Amino acid sequence: MANNWTERDVPSQEGRVALVTGANTGLGFETARVLAQHGAEVVLAVRDTGKGEAARQRILAAAPGATVRLQRLDLGSLDSVRTAAAEVRESTPRIDLLINNAGVMYPPKQTTSDGFELQFGTNHLGHFAWTAQVLDLLLDVPGSRVVTVASLAHRIRAAIHFDDLQWERSYERVAAYGQSKLANLLFHYELQRRLQTRARGERGTVAIAAHPGIADTELVRNLPKALQGLQAAAPLFSHDAANGALSQLRAATDPGALGGQYYGPDGLAERRGAPKVVASSAQSYDLDLQRRLWSVSEDLTGVTFPV
């Protein structure tokens, strides 16, 4: 396959069911659009169903005849996650692609309805609980994948602060975001190891991660003041949401993608470009850190995985 991978390289997704979190805007919307255009049945898992319906109509305009459904999901509420998972189990007998895309970045200090710091609670714990409760819908589906959307920010002031995971003593939005995105990758690698242990043959469920580089999406609305001046120069080092989504689309659909891989742009410092396999930080590969975070996350969310 060509190195300059584009959405035209997505193979037919006919007969596949894709569930995309945060699909009403940005990377999630573009991912859902492309999958629908290539024949997948797509479920848009969104917090705001009004915006979700508007996104559904836009996708149907681009992919007439596609099957696109809405599912309400607020990753900042474990009750909402439980309810949504139960509803998905009723409406969707199997999932081929679970794309954990939704996220928040750099908000002022806030907590989820369960008292978790908003970025860690939404980006990591919400997706952790969500994946645990729908994963069995993927496990016996040949070629199924869990795609975790990470970020370059997993390298920026990032550590897992086990002594203050919720930033109760102090709060620094950039470091808190870095923690949440590092957690995404630690989860990804531990999930792949567990899936690999369970796998029956070569077509078992796999976990693959991706990052968009620097993509111009709504996430930037909470940029700290010190960084807001960079927005005017953004076209010099970023790309749009459609190009930013290519990494997660390749992770989800490239027949040659392997469990445990991580995709990102091929340009300078992985900021933009066509998707390729990249490496994450040394910290993200730490087995002890992966296992410890997994255990703590199970305790905090009250979920257990079927792997």
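As the structure is a computational prediction, the values presented were derived from the model and not from experiment. (Residues numbered from 1 in each chain as written. Predicted model: local features only at pLDDT ≥ 70, side-chain atom pairs only at ≥ 80, totals over all residues. Heavy atoms only, no water.)

S.K.: In this structure, what is going on with the side chain of Thr205? I would like to understand it.
M.R.: Position of Thr205 relative to the elements: it lies in the loop between helix 5 (173-198) and strand 6 (206-210). The buried category is assigned to Thr205, whose relative accessible area is 5%. At a separation of 2.7 Å, a polar atom in the side chain of Thr205 contacts the side chain of Ser144. Aside from chain neighbours lying at most four places away, what touches Thr205 is Leu138, Leu139, Ser144, Arg145, Val146 and Leu195. (Helix = DSSP H or I, 4+ residues; strand = E, 2+ residues; numbered from the N terminus. Buried < 20%, exposed > 50% of the residue type's maximum accessible area, 1.4 Å probe, protein only. Polar contact = N/O pair within 3.5 Å; in protein donor to acceptor, adjacent residues only side chain to side chain. Contact = heavy atoms within 4.5 Å.)

S.K.: What's the story with the layout of surface pockets in this structure? I'm lost.
M.R.: In this approach, a probe sized like a water molecule rolls over the atoms, and the result shows the empty space that is left. Space inside the second largest pocket adds up to approximately 310 Å³. If you go around the second largest pocket, you meet 17 residues; those closest to its centre are Gly143, Arg145, Arg203, Pro255 and Ala257. Classifying every residue of the lining of the second largest pocket by side-chain character gives 5 nonpolar, 8 polar and 4 charged. (1 Å grid on protein atoms, 1.4 Å probe; cavity = no way out; pocket = protein on both sides within 12 Å on 5 of 7 lines; lining within 4 Å. Points joined across faces, edges and corners; volume = space filled by probe spheres on them. Nonpolar A, V, L, I, M, F, W, Y, C, P; charged D, E, K, R; others polar.)

S.K.: Just checking my understanding: could you explain the pattern of salt bridges for this structure?
M.R.: The final tally for this structure, using the stated rule, is 14 salt bridges. Counted as one network, the salt bridges with shared partners bring together Glu7, Glu30 and Arg33. (Salt bridge = Lys/Arg side-chain N within 4 Å of Asp/Glu carboxyl O.)

S.K.: Is there a simple way to think about the sheet that holds strand 5 (residues 145-149) in this case?
M.R.: For sheets, the rule is that strands pair by backbone hydrogen bonds, running either parallel or antiparallel. Reading across the sheet, the 8 strands line up as 3-2-1-4-5-6-9-10 and stay open at both edges, with mixed pairing between neighbours. The outermost strands of the open sheet, each flanked by one partner alone, are strand 3 (68-72) and strand 10 (275-277). The average undirected angle you get between the axes of adjacent strands in this sheet is 20°. Docked against the sheet, helix 2 (residues 49-62) engages strand 2 (41-46) and strand 3, running at close to 165° with respect to strand 3. Set on the sheet, helix 5 makes contact with strand 5, strand 6 and strand 9 (262-265); between it and strand 6 the angle comes to about 155°. (Pairing = 2+ DSSP bridges. Axes fitted to C-alpha atoms, helices over the stretch in contact; angles between N-to-C directions.)

S.K.: For this particular structure, what's the right way to read helix 3 (residues 78-91)?
M.R.: Quick reminder: α-helices carry 3.6 residues per turn. Residues three or four places apart thus point the same way. Over its 14 residues, helix 3 runs 20 Å from end to end, which matches the ideal 20 Å to within 8%, given 1.5 Å per residue. Buried residues of helix 3: Leu78, Ser80, Val81, Ala84, Ala85 and Val88, and no others. Viewed along the axis of helix 3, the buried residues span an arc of 150°, placing them on a single side of the element. In helix 3, the exposed residues that point more than 90 degrees away from the buried face are Asp79 and Glu90. Where helix 3 is buried, its residues contact strand 1 (17-21), strand 3, helix 4 (118-134) and helix 9 (287-301). (Expected span 1.5 Å × (residues − 1). Arc of directions from axis to C-beta.)

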